[in-house]
Each structure stands twice: as C-alpha cells, then as structure tokens.
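So the chains spell out like this:
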Amino acid sequence: MRVAIVNIGTIVSGDWRDPLARGDTIVTRDGRIERVGTASAQEVEACDVVIDAGGATAIPGLIDSHVHITFGDYTPRQQTVGYLESYVHGGVTTAISASEVHVPGRPRDAEGVKALAVAAHKCFDGYRPGGMTVHAGSVILEPGLNGNDLGEIAKKGVWLAKAGFGAFASAYEYAPLIAAARAHNMITTVHTGGSSIPGSGAITGDHLLALKPHVSFHVNGGPTAMPDADFPRLIHESDIALQVCTAGNLRTTLLCARLAWEAKAFDRLIIATDTPTGSGIMPLGMLYTIAHLSSLGGIAPETAIGAATGSNARVYRLESGFLSEGKLADIVLIDAPDGGTQADALSAIRHGDIAAIGAVISVGEPRFVGRSRNTPATTRKVRVAKCTLPRDFSGAKH
Ligand SMILES: [Zn+2]
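Residues numbered from 1 in each chain as written. Predicted model: local features only at pLDDT ≥ 70, side-chain atom pairs only at ≥ 80, totals over all residues. Heavy atoms only, no water.

On to the overall build of the protein chain. What the protein chain contains, in helices and strands, is 12 helices and 22 strands. What you see for the protein chain is a C-alpha radius of gyration of 20 Å, in line with the 21 Å of a compact globule of 398 residues. When burial is assessed residue by residue, the protein chain has 59% of its 398 residues classed as buried. Put simply, 74% of the contacts in the protein chain that link residues at least 6 apart link residues at least 24 apart. Accessible surface for the protein chain amounts to roughly 14,600 Å². Of this, 50% is attributable to carbon and sulfur atoms. A gap of 1 Å separates the mean positions of the 35 positive and 38 negative side-chain charges of the protein chain. (Helix = DSSP H or I, 4+ residues; strand = E, 2+ residues; numbered from the N terminus. Rg over C-alpha atoms; globule rule 2.2 N^0.38 Å. Buried < 20%, exposed > 50% of the residue type's maximum accessible area, 1.4 Å probe, protein only. Contact = heavy atoms within 4.5 Å. Areas by Shrake-Rupley, 256 points an atom, 1.4 Å probe, with all protein chains shown as cover. Lys, Arg positive; Asp, Glu negative; His and termini not counted. Charge placed at Lys NZ, Arg CZ, Asp CG, Glu CD.)

Looking only at helix α7 (residues 230–237), the buried set comprises D230, F231, L234 and I235. One side of α7 carries all its buried residues, which in axial view fall inside an arc of 135°. Counted as exposed and oriented over 90 degrees from the buried face of α7: H236 and E237. Buried positions along α7 lie against α6 (205–211), β16 (215–217), β17 (241–245) and α8 (250–262). (Arc of directions from axis to C-beta.)

All right, on to the environment of T375 then. Here T375 lies in the loop between β21 (365–369) and β22 (383–387). On the basis of relative accessibility, which here comes to 4%, the residue T375 falls in the buried class. For T375 and I357, which are 18 residues apart along the polypeptide, the C-alpha to C-alpha distance reads 6.3 Å. Here the side chain of T375 touches I357 through a polar contact of 3.0 Å, landing on its backbone nitrogen. (Polar contact = N/O pair within 3.5 Å; in protein donor to acceptor, adjacent residues only side chain to side chain.)

Let us now look at the nonpolar core. Ranked by internal contacts, the top residues of the largest apolar core, which has 85 residues, are I69, V139, L141 and L150. In terms of residue count, helix α3 (residues 110–123) provides more of this core than any other element does, 6 residues in total. Leaving out residues up to four positions away in the same chain, L141 has contacts with L150, A161, K162, A163, G166, F168, Y174, L177 and I178. I5, I11, A56 and A359 belong to the second-largest nonpolar core, a separate cluster that totals 21 residues. (Core = buried A, V, L, I, M, F, W, Y, C linked by side-chain atoms within 4.5 Å.)

What follows concerns the coordination of the zinc ion. The zinc ion binds to the protein through H66 (NE2), H68 (NE2) and D274 (OD); the donor distances cover 2.1 to 2.2 Å. In primary-sequence terms, the residues that donate to the zinc ion follow H-x1-H-x205-D. In terms of burial, H66 and H68 fall into one category: buried. (Donors = N, O, S within 2.8 Å, 3.2 Å for Na, K, Ca; no water.)

Let's shift gears to the pattern of salt bridges. Two side chains that carry opposite charge are able to pair once their charged atoms sit near each other. Considering all chains together, one arrives at 21 salt bridges under this definition. Ionic pairing is found between R17 and D267, a salt bridge with its closest N-O pair at 2.6 Å. Here D267 lies in the loop between α8 and β18 (269–272) and R17 lies in the loop between β2 (10–12) and β3 (20–21), a separation of 250 residues in the sequence. Exposure remark for R17: the relative accessible area of 54% places this residue in the exposed category. Between R32 and E319 there is a salt bridge; the shortest N-O distance is 3.0 Å. Remark: E319 occurs in the loop between α11 (310–316) and β19 (331–335) and R32 occurs in strand β5 (residues 32–37); sequence separation between them is 287 residues. On the accessibility criterion, E319 (44% relative accessible area) is partly exposed. Taken together, the shared-partner salt bridges connect E111, K114, D149, E152 and K156 into one network. (Salt bridge = Lys/Arg side-chain N within 4 Å of Asp/Glu carboxyl O.)

Turning our attention to the packing of aromatic side chains. Evaluated as defined, the whole model comprises 6 aromatic pairs. A network of ring pairs unites the aromatic residues W16, W261 and F266 as a single cluster. (Phe/Tyr/Trp six-rings, centres within 6.5 Å; stacked < 30°, edge-to-face > 60°.)

Time to look at the sheet that holds strand β4 (residues 25–29). The sheet built from 5 strands is open, its strands ordered β5-β4-β1-β6-β22 with mixed pairing. On the outer flanks of this sheet lie β5 and β22, each paired with one strand and no other. Strand-to-strand twist across the sheet, computed as the mean angle between neighbouring axes with direction ignored, equals 15°. (Pairing = 2+ DSSP bridges. Axes fitted to C-alpha atoms, helices over the stretch in contact; angles between N-to-C directions.)

This part takes up the side chain of D335. One can find D335 in strand β19. At a separation of 3.0 Å, a polar atom in the side chain of D335 contacts the main-chain amide nitrogen of T379. Once residues lying within four places of it in the same chain are set aside, the contact partners of D335 are A56, D344, A345, A355, A356, T378, T379 and R380.

Taking 1.5 Å of rise per residue, 13 residues should cover 18 Å, and α8 covers 18 Å from first to last C-alpha, within 8% of that figure. What α8 keeps buried is the set T252, T253, L255, C256, A257, L259 and A260. Packing partners of the buried residues in α8 comprise α7, β17, β18 and α9 (285–295). Once α8 ends, the next one or two residues include K264, with phi positive near 55°. (Expected span 1.5 Å × (residues − 1).)

Counting buried positions over the 6 residues of strand β8 (residues 62–67) gives 6, a clear majority of the element. Looking at chain direction, β8 and strand β11 (residues 92–97) are connected through 4 bridges and run parallel. The residue of β11 that forms the bridge with D64 is A95.

Geometric values such as these leave the question of function open.
So, in structure tokens, the structure goes:
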C-alpha cells in the first residue's frame, strides 16, 4: 500500500535534538516511510490513499514502553477487552510489555516463566490489535533461572527481561541474572520505587546503581516514588534510561525531567503509562504525560513528544519512533482540540490540553482517519481525499 499525507501544518520528527522537520507531505510505501517533506504531484498521484491533513500536525506514532500485556486484547486486572485497540485511538502505535505478570496464576518456576515469555512473544508476533505493534514476552526473573535458560529463550526470540517481581529476599540478588540477560542481548528493566506486591521491599537508587539495567521502570514511582535524593544519583552515576509513567508520581516525573534536562541527559528520559494497572486503562495516558511535561515542566511540546517516540525507539532498538525516511510508517495526525483556546496542536499541549487525534497510520496502513473515539475532535478537518482501495477508514464501529 502507498499512502500520501498532504497539507501537514507541522512535522514533529521524534528526535528531540532536532524536533521539527521541514515540509508538508509524507509518503509511505509497504509499511515504511519513503519521503518526509515534499513529494512530486506524480508521487502523490501514484498513492492508493491520499490523506488531506488540513494543516494538522504530524508526529510519530507514540511508543508506550510500559504496558501490562497479557494475552490477546484483554486486561485481567481491569477485566476489560479491547484496551489495546483503544490505546491506538490515543495515538499509541507500539506497546512494549512490562512482563506478563498480570496473567492469572502466572508461573513462578524457571520452566514456567520461560514458557510464559516465549508464548507471549510468539502470540503477538503477527497479531496487531487495532493496528498496534506489541512487543510482548518479557521474562520475569525468578530464583532458579540461570544464564543458560536466558540464552535458550533468547534464541526463541525473547529480548526483554524484567526484575522486580521475583521471589528474591533482596533486590541485589537480581544482579547476576541481569548481567546474564544483557550478555544475551536482552533489554533489561527493573521495577523502581515502592513495592506493588505486598511483602516485597522498595527498590531505590542503591539497588539500581548496583543492578545496572537498561531501564529504570517508572523511575517516578510505580506508583510509589523512591527518595528524591536518588534521582540525581541515578542521572549522574549511571547511564540507565529514566522511564516516567503516567500512573506514577507526577511531582517526581517533573523533578526527574528537570534534572535530566539540566544534566544534558534528556536522551535517557522516556515516557510510558504503566497501565492497565490499579490505576485503570489509560488510552490517553501518553498524551497526558506529554502535556504535563510541557505545560508544568516547561519542556517544549515537540521535545516532550521525542521522549514518547524517538527516545523510546532508541532505548528499545525499534524501527519506529521517527518521521524519517526508511523508518516504520507509524504516523499520527494531531491538532488543537475543538472548542479550546489554542490555535494548533503544539500550542494546545504547551497550554496543558490533550491534543486531538485526527488520524492514525501504523505500519503504513491508515487505522482511522477523521476522528478518534477517545480524544476531543480536531479543530481542523482531517479527511481521506482519495482512496482507490475498497476500504473504509472512518473508524466507525457498530
Ligand atoms: Zn508496571
């Protein structure tokens, strides 16, 4: 499929260091971005679908790097189906599993956690709920696992490992498994802050500095924050990615973002939701945290969007997250919400409003064009100007 998006008002690149791209057109082909900026009339004419953005803003599809995936599009914690599809209507085109810890009766022995990770990984390999790419299968590090076990599942495709829910007496005991997971080229993640499982202790700065994972999961608290004094230590004494989550402590999100910015460590700040959890299902969670960082934290909207897209892609080695040639064609059109006070999407975010979503394209396929079922309506009209395929992109259901 070839898709052209024309009349774009602003193109946000996803790279916070160079956050705006020139031009008004994006062309995609067979799931990849072919062109960003300008395209000839013939190139646009050759497309199967042409979307008229009407002056709206294009951003990369949002990457939520902390989602409590189980199996299918179902969350046992909130007993709800269809939540991932609902997140697509919040602009999320990629979700990364925070480990399948919410699977009812989940196993705790070595064979069980290996099988769970492999099964989850394979189940989402080609399954895209609502068009979302889901990276699932994060092995839950438990006593009894060893390096050979991790090597075995790495060969089967598992590339995520999670510390924090295992039956260890002390969090320091994760260290050899995290090192082994790293040796097998996995991305390693550690729960941060107060325990969310009764009986397990808090994980704070000292633990993280000793464990050296790639990512401090919900560094702002999941949902309970670690001591304030640990934030500068993590930033200055490690290269750990700092994941701030919507379902955590907002004050420490803002603290962490400010410290990371001042320390020139903003590459390491990444946004996620840490949902669905007890906090609920949050299809607009990524947009909330972007708006919080911008309106309360003083970070430019296009820079905050980088933390939700390109920076996540870099940390997790994904092919999406940027509006640039060759990347996966995950594109979201956003705008000022109808009825608001601001003229465009970026001004609305800076103002603290939730951006309105006018279209989501993932892996080169329009999933809906015109109106998200979760955000307010856009101020500008985003529409399908041409479609040669027997498809309806209105997103209308029922
Ligand atoms: Zn979580």
